[in-house]
Amino acid sequence: MKKKKEKFQKVLYRPQPYPDNHTEEKLFLKSLKRNKNLKTYSFLECMNQGQLPLQQLSCTVSFFLFHFMDIKVTNSMIYMMALVTMMGYLAIAGFQFTKFGQ
């Protein structure tokens, strides 16, 4: 007489005639939930959240350059840094204006 295989159960604490990594084909990936807790962010949110770490990094790099590398700060360097900072603020403000103006 042929012994009938017992039905597969997904438990590891009981010996079964199946390998430990066995999966029934009809149950394979059935319980998979894709992107269940996914939260999407807009480009504006990413830009706003990235401003503070970028500011901290630039302050740290500037301090390192001016203090440890003994770089002398001249008026032209201050004007250049102010110009680049203003261009960054204007770019972000312009992006926010065009996004909210739509």
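Residues numbered from 1 in each chain as written. Predicted model: local features only at pLDDT ≥ 70, side-chain atom pairs only at ≥ 80, totals over all residues. Heavy atoms only, no water.

Things to note about the overall build of the protein chain
Each helix and strand in the protein chain was counted, giving 2 helices and 0 strands. Compactness check: the protein chain gives a C-alpha radius of gyration of 30 Å against a globular reference of 13 Å for 102 residues, more than 25% above the reference. With respect to the principal axes defined by its C-alpha atoms, the protein chain has extents near 100 × 45 × 15 Å. Of the accessible surface of the protein chain, which amounts to about 10200 Å², a share of 63% is contributed by carbon and sulfur atoms. In the protein chain, which carries 15 positive and 6 negative side-chain charges, the distance between the mean positions of the two groups comes to 9 Å. (Helix = DSSP H or I, 4+ residues; strand = E, 2+ residues; numbered from the N terminus. Rg over C-alpha atoms; globule rule 2.2 N^0.38 Å. Areas by Shrake-Rupley, 256 points an atom, 1.4 Å probe, with all protein chains shown as cover. Lys, Arg positive; Asp, Glu negative; His and termini not counted. Charge placed at Lys NZ, Arg CZ, Asp CG, Glu CD.)

Let's talk about the layout of surface pockets
Of the pockets and cavities examined, the largest pocket occupies roughly 490 Å³. Gln51, Leu54, Gln55, Ser58, Cys59, Ser62, Met81, Val84, Thr85, Gly88, Tyr89 and Ile92 are the residues that line the largest pocket. Elements with a contribution of two residues or more to the lining of the largest pocket: helix 1 (43-68) and helix 2 (75-101). Grouping the amino acids of the lining of the largest pocket by side-chain chemistry returns 6 nonpolar, 6 polar and no charged. Looking at the second largest pocket, its volume works out to about 250 Å³. Taken together, Lys7, Phe8, Gln9, Lys10, His22, Thr23, Glu24, Lys26, Leu27, Phe28, Leu29 and Ser31 make up the full set of residues lining the second largest pocket. Along the lines of polarity and charge, the residues of the lining of the second largest pocket split into 4 nonpolar, 4 polar and 4 charged. (1 Å grid on protein atoms, 1.4 Å probe; cavity = no way out; pocket = protein on both sides within 12 Å on 5 of 7 lines; lining within 4 Å. Points joined across faces, edges and corners; volume = space filled by probe spheres on them. Nonpolar A, V, L, I, M, F, W, Y, C, P; charged D, E, K, R; others polar.)

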